[in-house]
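Single-letter residue listing:
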Amino acid sequence: MKLKLLSAALIAFVATGAWAQDLTGAGSTFVNPIYSRWFSEYAQLHPNVHINYQSLGSGAGIQQVCSKTVDFGASDMPLNDKQLAACQVKLIQLPTVLGAVVPVYNVPGVSGDLRFAPEVIAGIYLGVIKKWNDPNIEHDNPGVKLPDHEILPVYRSDGSGTTFIFTDFLSKVVPLFKQKIGSNTSVHFPIGVGGKGNEGVAGMVHQSPYSFGYVELIYALQNHMDYGLVRNAAGKYLKGSTAGVTAAAAADAKNIPPDYRVSITNAPGADSYPISSFTWLLLPRDWPDQGKAKVMVDFLHWMLAHGESEASSMAYAPLPKAVADREMQTINEIH
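What you see is a predicted model, and the numbers here were worked out from it, not measured in a lab. (Residues numbered from 1 in each chain as written. Predicted model: local features only at pLDDT ≥ 70, side-chain atom pairs only at ≥ 80, totals over all residues. Heavy atoms only, no water.)

Asks: I keep staring at unusual backbone geometry and nothing clicks. Help me out?
Replies: For residues that are not glycine, phi is negative in most cases, and the peptide bond is trans in most cases. Of note, the phi angle at Tyr-210 is positive, near 70 degrees, even though the residue is not glycine. Considering the arrangement of structural elements, one finds Tyr-210 in the loop between helix 9 (197-207) and strand 8 (211-216). Positive phi is not limited to glycine here, since Tyr-260 has a value of about 70 degrees. Tracing the backbone shows Tyr-260 in the loop between helix 11 (242-251) and strand 12 (276-284). On the basis of relative accessibility, which here comes to 2%, the residue Tyr-260 falls in the buried class. (Helix = DSSP H or I, 4+ residues; strand = E, 2+ residues; numbered from the N terminus. Buried < 20%, exposed > 50% of the residue type's maximum accessible area, 1.4 Å probe, protein only.)

Asks: Teacher, can you tell me more about the state of the cysteines here?
Replies: As enumerated under the stated definition, the model contains 1 disulfide in all. What pairs with Cys-66 in a disulfide is Cys-87, and their sulfur atoms sit 2.2 Å apart. Between Cys-66 and Cys-87, the S-S dihedral sits near -105 degrees, and the bridge is therefore left-handed. With Cys-66 in helix 3 (residues 58-66) and Cys-87 in the loop between helix 4 (81-86) and strand 4 (91-106), the pair connects residues that are 21 residues apart, well separated along the chain. (Disulfide = S-S within 2.5 Å.)

Asks: Looking at this structure, how should I read the packing of aromatic side chains?
Replies: For any pair of aromatic rings, the description consists of the separation of the ring centres together with the inter-plane angle of the planes. Inspection of the entire model under this criterion finds 24 aromatic pairs. Taking the centre distance of 6.4 Å and the plane angle of 10 degrees together, the rings of Tyr-53 and Phe-72 count as stacked. Here the residue Tyr-53 occupies a position in strand 2 (residues 49-55), and Phe-72 occupies one in strand 3 (residues 72-75), the gap between them amounting to 19 residues. Here Tyr-53 and Phe-72 have matching classes, each one buried. Aromatic rings pair up to connect Tyr-105, Phe-116, Tyr-125, Trp-132, Tyr-155, Phe-166, Phe-189, Phe-212 and Tyr-214 into one cluster. In this structure, Lys-239 is placed above the aromatic ring of Tyr-227, and the distance from its NZ or CZ to the ring centre is 4.3 Å. (Phe/Tyr/Trp six-rings, centres within 6.5 Å; stacked < 30°, edge-to-face > 60°. Lys NZ or Arg CZ within 6 Å of the ring centre and 35° of its normal.)

See below:
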């Protein structure tokens, strides 16, 4: 009887290719839609594997992977040297896809796409530009009848990679914003109201007339929200798109370092969308559980070989081929 049970277990092991594994991760809401799809599809191919991902924000993802609360984290901001030194595990930061942060708004009576200069966006969050019919907004939107109504800025209340991307862009372009607010996953906005996660900001803007916020592109599309064009480094106003994100990545492709820590906001080029970014998986280099390590390595190979092809259909941009090819080698460092 015991021999039969052992044989059945061995057959199951051979059939699935690994012992059953449960992996846990936490972090970015920016990338949650595509991660949810990937983890679900991978689990369908490997019924013995369950990857549980909590969409809590990049700040939580960094904290939880560094404290060994979860097996892996996810962040839209690469960890700096100080953060890496304080982390309890040695991490590999692996880019997965690219995305765009877009300015969303709810202005009753206004149809069509509005244009926003970086100085205007910064002015809204600094509390300098207070009304929708401010001359600075009207200047970039000739012929649009803008209401004489107060703007309600909405921002992320949690530690957020989306906030980092957004504030990283504004800090590069608007010196006063860099001085007063700066760039990080959590910053102090002097005006406005907070929403938790990209979902929270999208919901707040969607239900609040005369509001203005920032979310990852997929959230604007899924919620059928108005989102505006942003002036890029070449002086051209562009609407967030996978093509614009791909152009931004290509413009800075030569500057991607071996550890993949790079910012591509305000990238050069007429076709580069200015609020674009990679997003990263935060992966321990050394795993105490070799079964989990093998599953994660297998998932990463699947992601690069098959998952990337689904990025564009979900309003993300796939990794440049040169980056994906390099990552295939980096994955070998996970043990």
